[in-house]
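Here's the letter readout for the chains.
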Amino acid sequence: SLDMGRLLGGLMGASEHNFENAIAIAEAAQPCVLRIDEIEKAFAGSGVNDNNQTITRIIGFFLTWMQERKSMVYIVATANNLEQLRPEFLRKGRWDEIFYLSYPKADGMIKILKSCLYRCDLKFENEETVFNSIRRFYENNPKIKISGAEIYDLVEQIYKDLFQKNPNSRVNTITDKLFIKKLISLANKDNNSE
């Protein structure tokens, strides 16, 4: 995992050196996967100040390495907004494929929800009632955008609420109404922020 925040150093040339070392480590570990989360934030910056010049030099090195590498280092990156990436990042030969992963729809949310419930050792009083409510909720709100992370956070909040109300007992059942109420609250918050 390439964490640009940890590679940037305060001394002149330190950031470039750290980045080149990170690439050398990836090549030494081949075959491997080099993961860059939120690449558009990792390589942000353009202009004339020292930090932006450093980022520009790092980007130049990275793009050349991506284009010319012979090593078996497979690069996987995530981006929330491809438009924030410099055009040179998206040129042919640098990436094998670009995939768009959208927000989950009802059935995807139910799968994620089941996984989250399993992780927290929780269950619903009536699972089918909740799943049918989720399907109706998505039918009535087709433009809803709730991520898997938000679903997990929602389940985790419910778990903490249950534990705080009764810390001495192992409560692991969620009422249907509580979950639907929290889901609607989350959806309204997201819609209001847009």
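Within any chain, residue numbers begin from 1 and follow the written order of that chain's sequence. Only residues with pLDDT of 70 or above have their local features reported here, since the model is predicted, and side-chain atom pairs are shown and tallied only from 80 upward, although totals for entire chains, interfaces and linings are computed over all residues. Heavy atoms throughout the structure, all of them, feed into the side-chain values; hydrogens and water do not.

### A short note on the confidence of the model for the chain
Note the cut-off: For every residue, the predictor states its confidence as a pLDDT score lying anywhere from 0 to 100. Strands are runs of DSSP state E lasting at least two residues, helices are runs of H or I lasting at least four, and both sets are numbered from the N terminus onward.
Mean pLDDT over the chain: 82, with 88% of residues reaching 70 or higher. Within the chain, strand 1 (residues 32-36) carries the highest mean pLDDT (93), whereas helix 8 (residues 176-193) carries the lowest (74).

### A short note on unusual backbone geometry
Each neighbour pair has its own omega, and for glutamine 30 with proline 31 the value is -5°, a cis peptide bond. Not every positive phi belongs to a glycine, and aspartate 121 is a case in point at roughly 55°.

### Topic: the side chain of glutamate 16
For clarity, the threshold we go by: Only heavy atoms matter for contacts: two residues are in contact if any of them lie within 4.5 Å across the pair.
Within the secondary structure, glutamate 16 sits in helix 2 (residues 14-28). Glutamate 16 has contacts with Thr54, Arg57 and Ile58, leaving out every residue within four places of it along the chain.

### Here's the deal with the nonpolar core
To keep things clear, this is the line we draw: Put simply, buried Ala, Val, Leu, Ile, Met, Phe, Trp, Tyr and Cys residues joined by side-chain atoms within 4.5 Å make one nonpolar core. Think of it in three bands: residues with accessible area under 20% of the maximum for their type are buried, residues over 50% are exposed, and the middle band is partly exposed, with areas taken using a 1.4 Å probe on protein chains only.
In this structure, Leu113, Ile134, Ile146 and Phe179 are the most contacted members of the largest nonpolar core, which totals 26 residues. The set of elements that each furnish at least two residues to this core consists of helix 5 (106-119), helix 6 (127-140), helix 7 (148-165) and helix 8. No other element matches helix 5, which puts six residues into this core.

### A few points about helix 5
Defined as follows: A helix is expected to span 1.5 Å for every residue after the first.
If you check helix 5, its first and last C-alpha atoms are 20 Å apart, about what 14 residues at 1.5 Å a residue would give, namely 20 Å. Positioned one or two residues after helix 5, aspartate 121 has a phi angle of 55°, which is positive.

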